[in-house]
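The lines below spell out each chain.
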Amino acid sequence: MMSPAHYLFLSLALFLIGCIGVVTRRNVIVILMSIELILNAVNINLVLFSRIFGDAAGQVFALFIIADAAAEAAIGLGIIVAFFRNRETVLADEMDLLKW
Amino acid sequence: MTSTNYFLAHIWLIPLFPLIGAALMLFFGRHLQKEAVNLFCVGSVFLSFIHAVGAVFALHSFDPDHRVFQQILFEWVTPGPIPAPGGPIPFVADWGYLLDPLSCVMILVVTGVGFLIHVYSIGYMGHEGGYYRFFGYMNLFMFSMLTLVLANNLLLLFVGWEGVGLCSYLLIGFYFLKKSASDAGKKAFIVNRVGDTGFLLGIFYIAVTFGTIRFTSVGLGDPVAFAGINQTLAAMLEQGRLIYGAPVLTAIALLLFVGATGKSAQLPLYVWLPDSMEGPTPVSALIHAATMVTAGVYMVARMNAIYQLAPFAMDVVAVVGVTTAIFAASMALTQNDIKRVLAYSTISQLGYMFLALGLGAFSAGIFHLMTHAFFKALLFLAAGSVIHSLSGEQDLRKMGGLYNSIPATSRPFLIATLAIAGIPPLAGFFSKDEILGRAFERHPSLWVIGFLTAGLTAFYMFRLLFLAFFGLSRVPPEVERHIHESPKSMTVPLAILAFLSLVGGWIGWPSSLGGVNQFEHFLEPVMKSVIPETGAVEAANHARSLEYLLMIASVGIAAFGIWLAHSLYVKNPQLHTKIAASWPRLHNLLVHKYYVDEIYDALFVNRIKDLSTAFALFDGKVIDGLGVDGAGWLARVLSSISMWWDKWIVDGLVNFVAKFTRFLSHPIRMLQTGVFSSYAFLILLGLAILLAYYGHHMQVLVRSLR
């Protein structure tokens, strides 16, 4: 039998993997993928607690997040493609136009 | 003045016709055909001539002592009281016309000769550019000249005086692309300015002395309201406020005479007239021989009342006149330009006229003016016809033997030459003889000079005639083939003027030869003596035999001059060069016209040029250098100071504020690394801190889940 802690640990693991990916990776596409991981970690938590408390709102919320993630991926990839056309790079540390 | 005749009532039309012609030409002439120009300009002068003849006949029908017609069109200049030595005097100048015997003679000469010359110009100027311009100026000249001779006051006369000067300038410089022509125009204008200054001062002096500048009050009704110079002068004499020979009168007379020397080309202001020959020949005939240059003679004759009372001024006039006469005649001896010979001859004949005026023989002067207008206009027009037939050649050395090839030109020329030489019974004989007779009577020494001048005149005129028309032809062959008689429009005026030169003197047929001298009687009312009692010019009371003797003498010296010219230039054409070679200094002096132009250049022209150079230097160095450039320099220095203040103090403060802010913000700015990952790391770090802080809430939450 799986206790809620298992789910939480899985979620925590995914979250940490996502965070480490966002912080350490240079490729923006990989960073976007890491953000997806973080979102999914949150999704797992939402679904878990929804089940525990018997409240469907958490699951509805998770569906919204999935839709949001899809939209975010579409827009994010669009931005990256446009940026690549201008600057010929997808590396985050070279995206320093706003730097002082 | 009993009834007003049409011509007298419309006397203002006489100057108006040419003015309309001139206005038409100068405003619209460019668009008119030559035929239209001829119609308007020559027609306007013809209308003036008709009106002048009508007016003169109307005046002639008056009683001889009341032959004055005066008409004031309007009050022209009304400046109010002007200051004078005897307190302020009311002053007024009318735009009014005065017709008396003197102006009768003048308007007939001006319109008559002027009309003939206009007709002549149709032929002479036919091939020239600026045809309408020429006729416009000529008509403007006619207007000015008629205003001059018809004016009833000195100021209006001065308007005409300046107008003719302007037209003279415009017409001398008619070929304005030729530098010598435009220079000659300027010279004429500037030299005349010198004379005009004197004339104007004379007018001012008259205005403050007599309080009026109107010539006479006759014909205007109230002699007090319409005061005239002649009446005021007579009244002042009667009251003893002026006497015979008063310095005021001498000063006025001399100042007016300065004006006359300028306009009538007398010593020392004659230098412009020879140069004025640069203008077209009809201009030389009309302006510089027949009419404009006689304006000075007319003016002195018009002011004869003042001159009669100023004996010293009279002597000056006579001496200047006779000196000019012989001086100019001697310069004419060696000239080779056909028109220049005639120009010096004109100066010389004008000298005769002034001699007559200076001797008190005013009507003799005007008589000579009239006859001279006939034969000198004829000489110029015939010379123009010669030039025309020789395709523009003016040099006497390239003429000769033309007498039979252009008879319609050469015969009138011969008549005019005989007339000017004083051969009876042509016009010049009577007028010149009258002057010489008066000279003998008054000052035998002046007579001697005048007598010698008569010989010189005959000599140089016949030299001109022989060189141009007789002897062997020296015309270049390519010109000789084109020799042609001038058109009818030129030869008919020549014929009419030749007729006038023949018979024009007969109206002054002297009493000693059985005539009545109508001319003098006609003019007498204007020229009557104003000298009180004893000083009167005594009537001619010398013996008849003396008069005959003088006539024979002057005809004799003229004949001698002709014989001399004949033997030097026809019989023995090499002789004159030998004579010239044996007197090289004298010949050089004459050829260079006594170096007068050079002396004037050295004395006046170059000094004025020096002065203008000095002024230019002053302008360049002081006005431009110190004033303009200095002000610019000062402004630059001030602005650079102000710029420094702006840059370092005003802008410096602003920049300091900005830099100070930037300095303060430096540590915070350093946070903005621009590296995406570090931002993400900081976000997570913050999240971790938040989680750590609110950790126990989490614990509660997690516990409750169990």
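What counts, and where the lines are drawn
- Residues numbered from 1 in each chain as written.
- Chains lettered and ligands numbered in written order.
- Predicted model: local features only at pLDDT ≥ 70, side-chain atom pairs only at ≥ 80, totals over all residues.
- Helix = DSSP H or I, 4+ residues; strand = E, 2+ residues; numbered from the N terminus.
- Rg over C-alpha atoms; globule rule 2.2 N^0.38 Å.
- Buried ≥ 20, exposed ≤ 12 C-beta atoms within 10 Å, placed from the backbone.
- Contact = placed C-beta atoms within 7 Å.
- pLDDT = per-residue confidence, 0-100.
- Axes fitted to C-alpha atoms, helices over the stretch in contact; angles between N-to-C directions.
- Parallel < 35°, antiparallel > 145°, perpendicular 65-115°, else oblique.
- Nonpolar A, V, L, I, M, F, W, Y, C, P; charged D, E, K, R; others polar.
- Expected span 1.5 Å × (residues − 1).
- Core = buried A, V, L, I, M, F, W, Y, C linked by C-beta atoms within 7 Å.

Colleague: So what exactly am I meant to see when it comes to the overall build of chain B here?
Modeller: When its secondary structure is counted, chain B shows 28 helices and two strands. Over its C-alpha trace chain B gives a radius of gyration of 40 Å, far above what one expects of a compact globule, namely 27 Å for 706 residues. Along the first, second and third principal axes, the C-alpha set of chain B runs to 175 × 75 × 50 Å. In chain B, which comprises 706 residues, the share counted as buried stands at 49%.

Colleague: What am I meant to see in the overall build of chain A here?
Modeller: Each helix and strand in chain A was counted, giving three helices and zero strands. Against the compact-globule benchmark of 13 Å for 100 residues, chain A has a radius of gyration of 17 Å, which places it well outside the compact range. Dimensions along the principal axes, computed over C-alpha positions, put chain A at roughly 50 × 25 × 25 Å. Looking at chain A as a whole, 16% of its 100 residues are labelled buried. By sequence separation, contacts in chain A at least 24 residues apart represent 44% of the contacts at least 6 residues apart.

Colleague: Explanation requested: the confidence of the model for chain B in the structure shown.
Modeller: Where the model shows low pLDDT, its predicted coordinates should not be examined in detail. Residue and element names in this part refer to chain B. For chain B, the mean per-residue pLDDT works out to 88, and 97% of the residues sit at or above 70. Low confidence marks residues 534-539, where pLDDT is under 50. Its contacts with residues over four positions away, or in another chain, come to five contacts. Interface confidence for the predicted complex, given as ipTM, is 0.72, next to a pTM of 0.77.

Colleague: Sorry, what's going on with the packing of helix 2 (residues 28-53) of chain A against helix 3 (residues 57-87) of chain A here?
Modeller: Axes are the key here: two packed helices are described by the angle between their axes and the distance separating the axes. All names here are of chain A. Packing of helix 2 against helix 3 leaves a shortest axis separation of 8 Å and a crossing angle of 175°. Accordingly, the angle class assigned to the pair helix 2 and helix 3 is roughly antiparallel. Of the residues in helix 3, those in contact with Val28, Ile29, Leu32, Glu36, Leu39, Val42, Asn43, Leu46, Val47, Phe49 and Ser50 of helix 2 are Ala57, Gly58, Gln59, Phe61, Ala62, Ile65, Ile66, Ala69, Ala73, Gly76 and Ile80. Of the residues assigned to the contact of helix 2 with helix 3, the class counts are 16 nonpolar, five polar and one charged.

Colleague: What should I look at first to understand helix 19 (residues 444-469) of chain B in this one?
Modeller: Quick reminder: α-helices carry 3.6 residues per turn. Residues three or four places apart thus point the same way. All names here are of chain B. With 26 residues, helix 19 ought to run about 38 Å at 1.5 Å a step, and its terminal C-alpha atoms sit 37 Å apart, in line with that. Counted residue by residue, helix 19 has 21 buried out of 26 residues, so it is predominantly covered. Gly471 lies just past helix 19 and shows a positive phi near 75°.

Colleague: Would you mind going over the interface of chain B and chain A with me for this structure?
Modeller: Interface size, as often reported, equals the accessible area lost upon joining of the parts. Facing eleven residues of chain B, the contacting portion of chain A comprises 13 residues. Looking at the side of chain B that touches chain A, the element that brings in the most residues is helix 27 (residues 676-693) of chain B, giving five residues. Partitioned by chemical class, the residues of the side of chain B that touches chain A number six nonpolar, four polar and one charged.

Colleague: I keep staring at the environment of Trp506(B) and nothing clicks. Help me out?
Modeller: Tracing the backbone shows Trp506(B) in the loop between helix 21 (488-503) and helix 22 (518-527). For the pair formed by Trp506(B) and Ser431(B), sequence separation is 75 residues and the distance between their alpha carbons is 9.6 Å.

Colleague: Explain the nonpolar core to me, please; I cannot follow it from the model alone.
Modeller: One recurring pattern in soluble globular proteins: nonpolar side chains tend to sit buried together. Within the largest apolar cluster, 220 residues are counted, with the highest numbers of intra-cluster contacts made by Val300(B), Leu355(B), Ala377(B) and Leu378(B). Per-element tally for this core: the top contributor is helix 16 (residues 362-389) of chain B, with 17 residues. Ranked by size, the runner-up nonpolar core spans ten residues in total, among them Cys19(A), Val28(A), Ala41(A) and Ala92(A).

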